[in-house]
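Reading the structure
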Amino acid sequence: MDDGDDICHEHSDHSWEQLITNAKACDHIVQLYQDQDFLNRAVCRFAGAAVANGEGVILVPTRAHWDGIRPRLEAEGVDVEAARARGQLTVVDADEFLPRFMTRDAMPDSPLFLGLAGDVIANARAGGRYKSVRWWGEMVNVLWERGDVAASMNLEDLFDKLAEQHDIAIFCSFLMDNFNGEVHAHVLPRLGVNHSHLIPVEDYARLEHAVAAALRETVGSDEARVIEGRLLSSYVPPFTMPRAQALLLALRQAFPSVAESVLLRSRDLYAAKRGGG
């Protein structure tokens, strides 16, 4: 988004909790997750903050994921039925909404999607009671998991247009491994085209330790310091992300032969740290 260009080149080490709690209308945030607990925590933080702030919030989950999100929302103090009754919370089934705007060639119909989604947003404003609106959904992930990559990325482009047209904050989640080399080489640069912020993993501090240790093990401590300083001073990431994540992407761009080894070792160290408490 044009409004976010001045922030999209920063390295951010603020927690993902802070990011989605304070989501603003210019934000288009993407989360990568591998377990539903992380997904539930993030969606509930995003929605709970909206309710607490007096904002409208739209959630577009699959039925299976809503069955996990709803009880957590309620456990965190959100009266789901009351929020829905007063029009502050709108829940739309992703599997039911998605076919309404897909064409016969399995691509999103742009005018149809923007019209249908615009109607959902208009209703979520509840006659002006909720001027600020947030949207979290996983229709893009439904397409991604089906293997419809082009359709998934096209829909993300349309969500960017939707955010601009209606001045809303958008948050989406992908079931995707951040330590996968193909994701780094091809998917993240594409996501940078239509997102303002990346939440690559759940624990930013653990990622920082894992990447630093992996780089030291791969090239040696002295060389690691030189590479890190040089790369981070010149690399412009495609969107706002933790510093360690920016280093991984910069490494792939500058030293691709080293990048894959560092990424795979980072995966092992990140997992080991979690297992060790």
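Before going into details, it helps to say that this report is about the structure given with it. These numbers come from a predicted model, not from an experiment.

Calculation notes
Residues numbered from 1 in each chain as written. Predicted model: local features only at pLDDT ≥ 70, side-chain atom pairs only at ≥ 80, totals over all residues. Heavy atoms only, no water. Buried < 20%, exposed > 50% of the residue type's maximum accessible area, 1.4 Å probe, protein only. Helix = DSSP H or I, 4+ residues; strand = E, 2+ residues; numbered from the N terminus. Pairing = 2+ DSSP bridges. Axes fitted to C-alpha atoms, helices over the stretch in contact; angles between N-to-C directions.

This brings us to helix 7 (residues 139-146). Helix 7 sits mainly inside the fold: six of its eight residues count as buried. Residues of helix 7 that are buried: Met-139, Val-140, Asn-141, Val-142, Leu-143 and Trp-144. At the C-terminal side of helix 7, Gly-147 shows a positive phi close to 90°.

Here the focus is the sheet that holds strand 2 (residues 56-60). Pairing within the open sheet is parallel, and its six strands lie in the order 3-2-4-5-1-6. Whereas interior strands pair on both sides, the edge strands pair on one side only; in this sheet they are strand 3 (89-91) and strand 6 (197-199). Ignoring which end each strand starts from, the neighbouring axes of this sheet average 15° apart. Examined bridge by bridge, strand 4 (residues 133-137) and strand 5 (residues 169-175) share four bridges and lie parallel to one another. Its bridge partner lying in strand 5, Arg-134 is registered against Ala-169.

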